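Fold and geometry: a report
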Amino acid sequence: MRCARAIIIAVLLLIAAAIGASCLSAAEIPQGERRSGYDFMTPDTQAIQNDDTANPGMLWVLDGEALWKSKTGAAAKACADCHEDARASMKGVAARYPAFDKTLGRPINLEQRINMCRVQHQQTTALPYESRDLLALTAFVAQQSRGVAIVAGADPQLEPFVAKGRELFMQRQGQLNLGCANCHDDNWDKRLAGSAITQGHPTGYPLYRLEWQSLGSLQRRMRACMTGVRARAYDYGAPGLVELELYLMSRAQGMPMDSPAVRP
Amino acid sequence: MASALINVPKKAKRGEIIEIKTLMSHIMETGYRRTATGEIVPRDIITSFVCRYNGVEIFRADLFPAIAANPFMTFFTVATESGKFDFEWIGDRGFSETASASISVE
């Protein structure tokens with residue numbers, strides 16, 4: 001009798017454990033199971049990224065290096081005049097963006113930071129989003145953080161903005177009524193048509209997508225996802241998009257940067 | 001700001017087969033796409049690529065609209081003597097770029 005009761009309790013416990021496990025699978029990805037988009041690629045595509053003379057992203061990095069040293073604007077200053085050697089001064093910078101800006105009281109991403117420098121210190125115009133020059137400068141700065149672990153979102157001032165980004169990540173939207181989490185948390189081990197879904201860790205931006213035949217920013221990628229679920233995409237630089245960018249980076253905390261990455 | 005990335009081994013043994021890799025920055029616009037208002041985007045591609053080894057042509061390729069942006073070309077040759085590889089890309093709208101790399105053969 002006592003033995004039978006013990007068995008029933010054991011079975012109930014097993015069922016509870018099974019339910020618990022299935023709930024977990026539909027939640028956030030455990031730290032140990034996080035994988036960069038790189039790990040989802042074929043060896044052929046990985047080979048393009050691994051070789052700096054085959055990685056087309058390096059073309060932008062080279063352009064960015066030239067821009068870094070060229071004087072521009074009314075102030076006739078180059079980035080290098082203040083920041084000197086990017087290899088030292090920009091190491092790890094991309095790994096902590098989007099970062100909190102005190103004057104604006106909200107987070108800004110790397111592109112916005114570069115444009116702020118252009119307007120305030122070089123006294124010239126901001127570069128348009130996704131323009132060759134802005135991508136080049138961003139890629140050059142981001143390349144200096146290769147191998148550096150992502151720390152973005154650690155600043156306590158950013159807490160409410162990370163939370164807002166997370167909310168947007170979970171929020172279902174568009175005609176297909178899908179949130180980011182429905183694919184990138186719940187179904188990252190499956191495929192959408194022929195393509196890997198991936199976990200959506202932004203380790204390598206700006207990156208070269210073979211589909212784009214160009215370098216592109218994380219915001220371009222996120223806007224493409226929004227259009228994909230038939231939602232209205234945020235404008236480039238919109239605070240909501242920066243918050244989502246911030247949440248994605250904070251979700252990837254500790255993962256090494258690999259900009260400029262190559263993705264299919 | 002077109003630029004090329006070239007990968008040629010700095011040193012090689014005489015008679016060794018070496019791999020040469022080149023990447024050229026170019027949009028490779030096919031000429032078949034249309035703008036939102038229906039006008040054709042004019043073709044703008046690289047049409048030919050040549051590699052010369054100490055002045056002698058060792059590799060030539062014709063490029064066509066189906067080739068992706070930023071063409072990556074890789075090929076092999078035999079390292080015969082020390083000297084220079086000259087690369088030349090020619091394309092639509094007067095596109096013309098050159099690059100070079102040297103090799104020492106022992």
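What follows deals with the overall build of chain B. Scanning chain B from terminus to terminus reveals zero helices and eight strands. Along chain B, helices and strands appear, N-terminal first, in the series β-β-β-β-β-β-β-β. For chain B, whose C-alpha radius of gyration is 16 Å, the value lies well above the compact-globule estimate of 13 Å for 106 residues. Its C-alpha atoms give chain B principal-axis dimensions of about 60 × 20 × 20 Å. Burial status across chain B gives 42% buried among its 106 residues. Per element, the accessible surface of chain B, about 5900 Å² overall, is 53% carbon and sulfur.

With that settled, the discussion passes to helix α11 (residues 239-251) of chain A. All names here are of chain A. Between its first and last C-alpha, α11 extends 18 Å over 13 residues, near the 18 Å set by a 1.5 Å rise per residue. Along α11, the residues classified as buried are Gly240, Leu241, Val242, Glu243, Leu244, Glu245, Leu246, Tyr247, Leu248, Met249, Ser250 and Arg251. Residues of α11 that are buried make contact with β2 (106-108), α6 (110-120), α8 (159-170), α9 (180-184) and α10 (218-228).

Interfaces are often described in size by the accessible area the parts lose on coming together. Each side of the interface is counted separately: chain B has 14 residues, and chain A has 16 residues. The junction of chain B with chain A conceals about 1200 Å² of combined surface from both sides, 58% of it contributed by carbon and sulfur atoms. For the interface between chain B and chain A, the tally reads one salt bridge. In this structure, B:Lys21 engages A:Asp51 in a salt bridge whose closest nitrogen and oxygen atoms are separated by 2.7 Å. The interface formed by chain B and chain A includes five residue pairs in polar contact (both at pLDDT 80 or more). Residues belonging to the side of chain B that touches chain A are distributed by class as follows: nine nonpolar, four polar and one charged.

Here we take up the packing of aromatic side chains. If you walk through the whole model with that rule in mind, you get 14 aromatic pairs over all chains. Ring centres of A:Phe40 and A:Trp188 lie 6.3 Å apart, and the angle between their planes is 90°; on these two criteria the pair is classed as edge-to-face. Here A:Phe40 is found in the loop between α1 (2-25) and α2 (43-50), whereas its partner A:Trp188 is found in the loop between α9 and β3 (191-192), with 148 residues between them in sequence. Geometrically, the ring pair formed by B:Phe85 and B:Phe87 is stacked, given 6.5 Å between the ring centres and 20° between the ring planes. A relative accessible area of 0% places B:Phe85 in the buried class. B:Phe87 sits in the buried class, given a relative accessible area of 1%. One aromatic cluster is present, formed by B:Phe49, B:Tyr53, B:Phe59, B:Phe75, B:Phe85, B:Phe87 and B:Trp89 through successive ring pairs. The ring of A:Phe40 carries the charged tip of A:Arg35 above its face, separated from the ring centre by 4.2 Å.

All names here are of chain A. The residue after Tyr205, namely Pro206, is reached through a cis peptide bond having omega -5°. Its location among the elements puts Pro206 in the loop between β4 (195-196) and β5 (207-209). Of the consecutive residues Ser259 and Pro260, the connecting peptide bond is found in the cis state with omega at -10°. Mapping Pro260 onto the fold places it in the loop between α11 and β7 (262-263). At Gln213, a residue that is not glycine, the phi angle is positive and equals roughly 55°. Residue placement: Gln213 occurs in the loop between β5 and β6 (214-216).

Once that is clear, we can look at the nonpolar core. All names here are of chain A. In this structure, Trp60, Trp68, Leu110 and Leu137 are the most contacted members of the largest nonpolar core, which totals 39 residues. By residue number, the principal contributor to this core is helix α7 (residues 132-143), which donates eight residues. If we skip the residues at most four places from it in the chain, Leu137 touches Gly64, Leu67, Trp68, Cys79, Ile114 and Leu127.

On to the pattern of salt bridges. Inspection of every chain in the model, using the stated rule, returns 18 salt bridges over all chains. Residues joined by salt bridges that share partners form a network here, namely A:Glu65, A:Lys69, A:Asp85 and A:Arg87.

In this model, α8(A) (twelve residues) spans 17 Å end to end at C-alpha, consistent with the 16 Å of a helix rising 1.5 Å per residue. Contact partners of the buried residues in α8(A): β1 (99-101), β2, α9 and α11 of chain A.

For the rest of this paragraph, the subject is the packing of helix α3 (residues 57-69) of chain A against α7(A). All names here are of chain A. It is at 7 Å that the axes of α3 and α7 come closest, and there the two elements cross at 95°. As the angle between them shows, α3 and α7 are arranged roughly perpendicular. Only Arg132, Asp133, Leu135, Ala136, Leu137, Ala139, Phe140, Val141 and Gln143 of α7 make contact with α3, whose side of the interface consists of Met58, Leu59, Trp60, Val61, Asp63, Gly64, Glu65, Leu67 and Trp68.

All names here are of chain A. Packing of α6 against α7 brings their axes to within 10 Å, and their N-to-C directions diverge by 110°. The angle between the axes of α6 and α7 places the two elements in the roughly perpendicular class. In this structure, α6 uses Leu110, Glu111, Ile114 and Asn115 to contact α7, whose residues at the interface are Leu134, Leu137, Thr138 and Val141. Class assignment of the residues belonging to the contact of α6 with α7 gives a composition of five nonpolar, two polar and one charged.

Criteria and thresholds
- All residue numbers here refer to positions counted from 1 along the written sequence of the relevant chain.
- By the order in which they are written, chains take letters starting at A while ligands take numbers starting at 1.
- Only residues with pLDDT of at least 70 are given local features in this predicted model, and only at 80 or more are side-chain atom pairs given and counted; all residues enter the totals for whole chains, interfaces and linings.
- By convention in this description, side-chain values take in all heavy atoms of the structure and omit both hydrogens and water.
- What counts as a helix is a DSSP run of H or I of at least four residues, what counts as a strand is a run of E of at least two, and both are numbered from the N terminus.
- Throughout, the radius of gyration refers to the C-alpha atoms, and the reference size of a globule is 2.2 Å times the residue count to the power 0.38.
- Burial classes: relative accessible area under 20% of the type maximum marks a residue as buried, over 50% as exposed, and values in between as partly exposed (1.4 Å probe, protein chains only).
- Surface accessibility in these figures is a Shrake-Rupley result with a 1.4 Å probe; residues are shielded only by whichever protein chains are displayed.
- Helix span, expected: 1.5 Å multiplied by one less than the number of residues in the helix.
- We call two residues in contact when some of their heavy atoms are within 4.5 Å.
- Once two parts are put together, the accessible area they lose, assessed with a 1.4 Å probe and summed over both, is termed the buried area.
- What makes a salt bridge here is a side-chain nitrogen of Lys or Arg within 4 Å of a carboxyl oxygen of Asp or Glu, nothing more.
- Think of a polar contact as two N or O atoms within 3.5 Å of one another; within protein, one of them needs to be a possible hydrogen donor and the other a possible acceptor, and neighboring residues in sequence only count if both atoms come from side chains.
- Any residue outside Ala, Val, Leu, Ile, Met, Phe, Trp, Tyr, Cys, Pro, Asp, Glu, Lys and Arg is labelled polar, Gly included; the first ten of those are nonpolar and the last four are charged.
- What counts as a ring pair is set by centres within 6.5 Å for rings of Phe, Tyr and Trp (its six-membered ring), and what kind of pair is set by the plane angle: stacked under 30 degrees, edge-to-face over 60, tilted for all other angles.
- Consider the ring centre and the ring normal. A charge sits over the ring if Lys NZ or Arg CZ is within 6 Å of that centre and within 35 degrees of that normal.
- For the purposes of this section, nonpolar cores are sets of buried Ala, Val, Leu, Ile, Met, Phe, Trp, Tyr and Cys residues that join through side-chain atoms within 4.5 Å.
- Between N-to-C directions, angles cover 0 to 180 degrees, with each direction set by a line fitted to C-alpha atoms, over the stretch in contact for helices.
- If an angle is under 35 degrees, it is roughly parallel; if it is over 145, roughly antiparallel; if it lies from 65 to 115, roughly perpendicular; otherwise it is oblique.

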